[in-house]
Amino acid sequence: QVQLVESGGGLVQAGDSLRLSCAASGRTFSISAMGWFRQAPGKEREFVAGINWSGGSTGYADSVKGRFTISRDNAKNTVYLQMNSLKPEDTAVYYCAKDRSTRSRIVTTISSYDYWGQGTQVTVSS
């Protein structure tokens, strides 16, 4: 069993930065790829960023490329999402998730992830 707990969300102004954290329990964290997703009101959940088990490979949605950075610390069982130059359209609930396999490549589909956190709200005002 894996539990994921996100933290770090909040209300910020456009142009500000936030760092989200996702603390994981369970033995499979260090061998699993991890992803961040988000869901805005009235919209479908979408992929934001992913990182493979070692941290050597990352992937981003076009909408956040160059502004967001995903990283992980396997010693702390934690994955991070550094978000810079935030925009009002980044407002959403952000979720971290664990890839259900130990593949090394980043996958963007929701069905590829088997454990999800409860989400943390990020609100960006203009």
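Source: prediction; values computed, not measured.

Peer 1: Let's hear about the nonpolar core: which residues, and what values?
Peer 2: Among the nonpolar cores identified, the biggest contains 26 residues, and Trp36, Val48, Phe68, Leu81, Met83 and Tyr94 are the most heavily contacted of them. Those elements that provide at least two residues to this core are strand S3 (18–25), strand S4 (34–39), strand S5 (46–51), strand S7 (68–73), strand S8 (78–83), strand S9 (92–99) and strand S11 (120–125). With four residues, the top contributor of residues to this core is S3. The next biggest cluster of nonpolar side chains, apart from the first, holds six residues, and it includes Phe37, Phe47, Ile106 and Val107.

Peer 1: An account of the side chain of aspartate 99 is requested, with residue identities and associated values reported.
Peer 2: Structurally, aspartate 99 is set in strand S9. Assessed through its relative accessible area of 0%, aspartate 99 is described here as buried. Looking at aspartate 99, its side chain comes within polar contact range of the main-chain nitrogen of serine 101, at 2.9 Å. Look past the residues within four positions of aspartate 99 in its chain and what remains in contact with it is Ser32, Ala33, Arg105, Val107, Ser112, Tyr113 and Asp114.

Peer 1: Mind laying out the pairing of S11, listing which residues take part and the relevant values?
Peer 2: What you see with S11 is a clean split: Thr120, Val122 and Val124 sit on the buried side and Gln121, Thr123 and Ser125 on the side with no burial. Strand direction decides the pairing type here: strand S2 (residues 10–13) and S11, joined by four bridges, are parallel. What sits directly across from valine 12, in S11, is valine 124. The sheet contact formed by S9 and S11 spans three bridges and is antiparallel. Across the sheet, residue tyrosine 94 finds its bridge partner in S11, namely threonine 120.

Peer 1: How would you summarise the packing of aromatic side chains if you had to cite specific residues and measurements?
Peer 2: In this description, an aromatic ring pair is defined by two values, namely the gap between the centres and the angle between the planes. The tally for this structure, following the rule as stated, stands at four aromatic pairs. With a centroid separation of 5.6 Å and an interplanar angle of 80 degrees, the aromatic rings of phenylalanine 37 and phenylalanine 47 are classed as edge-to-face. Here the residue phenylalanine 37 occupies a position in strand S4, and phenylalanine 47 occupies one in strand S5, the gap between them amounting to ten residues. Phenylalanine 37 gets classed as buried once you look at its relative accessible area, which sits at 0%. The exposure class assigned to phenylalanine 47 is buried, which follows from its relative accessible area of 12%. A connected cluster of aromatic rings, assembled from ring pairs, spans Phe37, Phe47, Tyr113 and Trp116. We note arginine 45 situated over the ring of tryptophan 116; from NZ or CZ to the ring centre the distance is 4.9 Å. In this structure, arginine 72 is placed above the aromatic ring of phenylalanine 29, and the distance from its NZ or CZ to the ring centre is 4.5 Å.

Peer 1: Tell me about the pattern of salt bridges, and name the residues and values.
Peer 2: Two side chains with opposite charge may pair up if their charged atoms get near one another. Under the counting rule described, the total for this entry stands at five salt bridges. In this structure, lysine 65 and aspartate 62 form a salt bridge, with 3.1 Å as the shortest nitrogen-oxygen distance. Taking the relative accessible area as the measure of exposure, aspartate 62 reaches 68% and is therefore exposed. For arginine 67, the salt bridge identified is with aspartate 90, shortest N-O distance 2.8 Å. One end of the pair, arginine 67, is in the loop between strand S6 (58–60) and S7; the other, aspartate 90, is in the loop between S8 and S9, and 23 residues separate them in sequence. Each member of the pair arginine 67 and aspartate 90 is classed as buried. In the salt-bridge network here, residues are joined through shared partners; they are Arg38, Glu46, Arg67 and Asp90.

Conventions used here
Residues numbered from 1 in each chain as written. Predicted model: local features only at pLDDT ≥ 70, side-chain atom pairs only at ≥ 80, totals over all residues. Heavy atoms only, no water. Core = buried A, V, L, I, M, F, W, Y, C linked by side-chain atoms within 4.5 Å. Buried < 20%, exposed > 50% of the residue type's maximum accessible area, 1.4 Å probe, protein only. Helix = DSSP H or I, 4+ residues; strand = E, 2+ residues; numbered from the N terminus. Polar contact = N/O pair within 3.5 Å; in protein donor to acceptor, adjacent residues only side chain to side chain. Contact = heavy atoms within 4.5 Å. Pairing = 2+ DSSP bridges. Phe/Tyr/Trp six-rings, centres within 6.5 Å; stacked < 30°, edge-to-face > 60°. Lys NZ or Arg CZ within 6 Å of the ring centre and 35° of its normal. Salt bridge = Lys/Arg side-chain N within 4 Å of Asp/Glu carboxyl O.

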